[in-house]
Amino acid sequence: MSTTAATSAEISHPSQLPAVDKVLLVAEMQPLREAYGLDACTKAARNVLTQLRQQLLGSADQPGQPVQADLTSIVQSAQRQLQARFAPRLQPVLNLTGTVLHTNLGRALLPQAAIDAVVQALSSPANLEYDLQDGSRGDRDDLVESLICELTGAEAATVVNNNAAAVLLVLSTMAMGKEVIVSRGELVEIGGAFRIPDVMTRAGAKLIEVGTTNRTHEKDYAGAIGEHTGALMKVHCSNYAITGFTKAVSDADVAGIAHGHQLPMIVDLGSGTLIDMRDWGLPYEVTVRETVESGADIVTFSGDKLLGGPQAGIIVGKKELIAQIKKNPLKRALRVGKITLAALEPTLRLYLNPEKLAEELTTLRLFTRKAADMQAQAETLLPLLQQALGQGFVVETAAMNSQIGSGALPVENLPSFGLKMYPASGKQAGRQLTQLEARFRALPRPVIGRLHDDAFWLDLRCLESAAQALFVEQLGQLA
């Protein structure tokens, strides 16, 4: 039998606290029991009572103090604990940073076709490793290999869980106990302090650096080849650029040197694009097909960057080398599951219809948004945002520069438009901006912008119509 909550009272001794059972019988606790279960509610109530007891007893340094507590306030405290405990840690946010492929925010957004396929794969058994034609065990790579080969011109392909894994697997297969020659200017570090030399060491290969940071020549590669050389490797410098007095050897020339010594040539493209981005008015980035055609024997690239799909590491190249890679015991440890493949296949299939690609591939659609459209969007949002923030902040529309992100085209910008906010008063402006940024992050759908040049900036490139409605709907909660 439930009871009605008692009126507020001052409690000065732990003996005056209600028993856990009494708290659980309060009428206000019943919806919580239905939502979270009796066990969770019991733990929450006990935690609240323990905290109150500690406040009443105090410590040697600080004597206990009376507390205002009744059944209602105890239930409310328990409710807050339950909500925090059961709240999802992975939350959707609005990415208004200006970085489309934001590593910390999950990189590429999946196209609708991939989302639909993932939902189906989550709710139904699927032929992940089952050949429907002859009823025998199949190879999960078969689900996407033909598509990847068609789009890249490679002879064969396999998929692992990310590009770092792809590089690790390739080097472990082709160069364990051997030397791998790499230009010193290509010894990149990617996010999270993962470095090519470290990956190479873990793969059991020995790094041989050639050239200098800014200049490497054909003779540097040729001169480093010895009896212990296992491969020559090129690493695409996707997250930085060296300019000025520079010299790099082309993929084709490095492949020629490698093949002249009966050695394989590996290319780590990092991001990796399947299309000539210039066809959509975007900066040029070497394609996977161009890299394969240059003579590379193995090429690795990501699935969740420029390709616009799920996190994956894709390995393409010569058929006999891919077969060796797939036999490496590491392949099983690094393989992808049905969810990744369910998302990857429809994403790849979109590339078969380039006329509709910019409409259906979310990543490309965001890359190609027109600045004029974003400017009109900013002008619509400005008065709503100004009203929500009040007179304490000035809100202005502003031209901005988006970036592709995730290491792709690091020095190239995409003309964009958005909103910037700064305090109406210069007093403690830095503190006001920090607090404003935190207020946006605290919204039900957190809004992630960036602090820059004494203002808080919201780049609208990734705020499409459905997200804009949600953005507007929660503006009233900024206060």
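For the structure given in this document, a descriptive report is provided here. (Residues numbered from 1 in each chain as written. Predicted model: local features only at pLDDT ≥ 70, side-chain atom pairs only at ≥ 80, totals over all residues. Heavy atoms only, no water.)

Details of the pairing of strand S12 (residues 313–317)
- Most of S12 sits out of view: 5 of its 5 residues are buried.
- Burial along S12 is two-sided: the residues Gly313, Ile315 and Gly317 and Ile314 and Val316 are all buried.
- Note: strand S4 (residues 156–160) against S12, 5 bridges, orientation antiparallel. Considered in S12, the bridge of Val159 is made with Ile314.
- As paired strands, strand S11 (residues 298–302) and S12 are joined by 5 bridges and run antiparallel to one another. Residue pairing for S12: Val299 is matched across the bridge by Val316. (Buried < 20%, exposed > 50% of the residue type's maximum accessible area, 1.4 Å probe, protein only. Helix = DSSP H or I, 4+ residues; strand = E, 2+ residues; numbered from the N terminus. Pairing = 2+ DSSP bridges.)

Comments concerning helix H3 (residues 38–57)
- In this model H3 runs 28 Å from its N-terminal to its C-terminal C-alpha over 20 residues, within 8% of the 28 Å that 1.5 Å per residue would give.
- By the burial criterion, the buried members of H3 are Ala40, Cys41, Thr42, Ala44, Ala45, Val48, Leu49, Leu52 and Leu56.
- Buried residues along H3 sit against strand S1 (10–11), helix H1 (20–24), helix H2 (30–36), strand S2 (67–68) and helix H4 (71–86). (Expected span 1.5 Å × (residues − 1). Contact = heavy atoms within 4.5 Å.)

A look at the packing of aromatic side chains
- Applying the stated criterion to the full structure yields 2 aromatic pairs.
- Measuring from ring centre to ring centre gives 4.9 Å for Tyr36 and Phe86, while their planes differ by 40 degrees; the resulting arrangement is tilted. Of this pair, Tyr36 sits in helix H2 while Phe86 sits in helix H4, and the two are 50 residues apart along the sequence.
- Residue Phe86 is classed as partly exposed on the basis of its relative accessible area of 43%.
- Aromatic side chains Phe440 and Phe456 sit 5.2 Å apart centroid to centroid with 45 degrees between the ring planes, which places their arrangement in the tilted category. Of the two residues, Phe440 is situated in helix H18 (residues 429–441) and Phe456 in strand S17 (residues 455–459); the sequence distance between them amounts to 16 residues. (Phe/Tyr/Trp six-rings, centres within 6.5 Å; stacked < 30°, edge-to-face > 60°.)

Brief notes about the environment of Glu290
- Mapped onto the secondary structure, Glu290 falls in helix H11 (residues 288–293).
- We classify Glu290 as partly exposed; its relative accessible area is 29%.
- Once the C-alpha coordinates of Glu290 and Ala166 are considered, the two residues, 124 residues apart in sequence, prove to be 19 Å apart.

So, the sheet that holds strand S13 (residues 393–402)
- Here we have 4 strands laid out as an open sheet, ordered S13-S14-S17-S16, and antiparallel in their pairing. If you trace the sheet from one side to the other, it starts and ends with S13 and strand S16 (450–452), each paired once. Direction aside, the axes of adjacent strands within the sheet are offset by 35 degrees on average.
- Of the strand pairs in this sheet, S16 and S17 are connected by 3 bridges, and their pairing is antiparallel. Considered in S17, the bridge of Leu451 is made with Phe456.
- Contacting S13, strand S14 (414–423) and S17, helix H17 (residues 371–389) crosses the sheet at an angle of about 15 degrees to S14. (Axes fitted to C-alpha atoms, helices over the stretch in contact; angles between N-to-C directions.)

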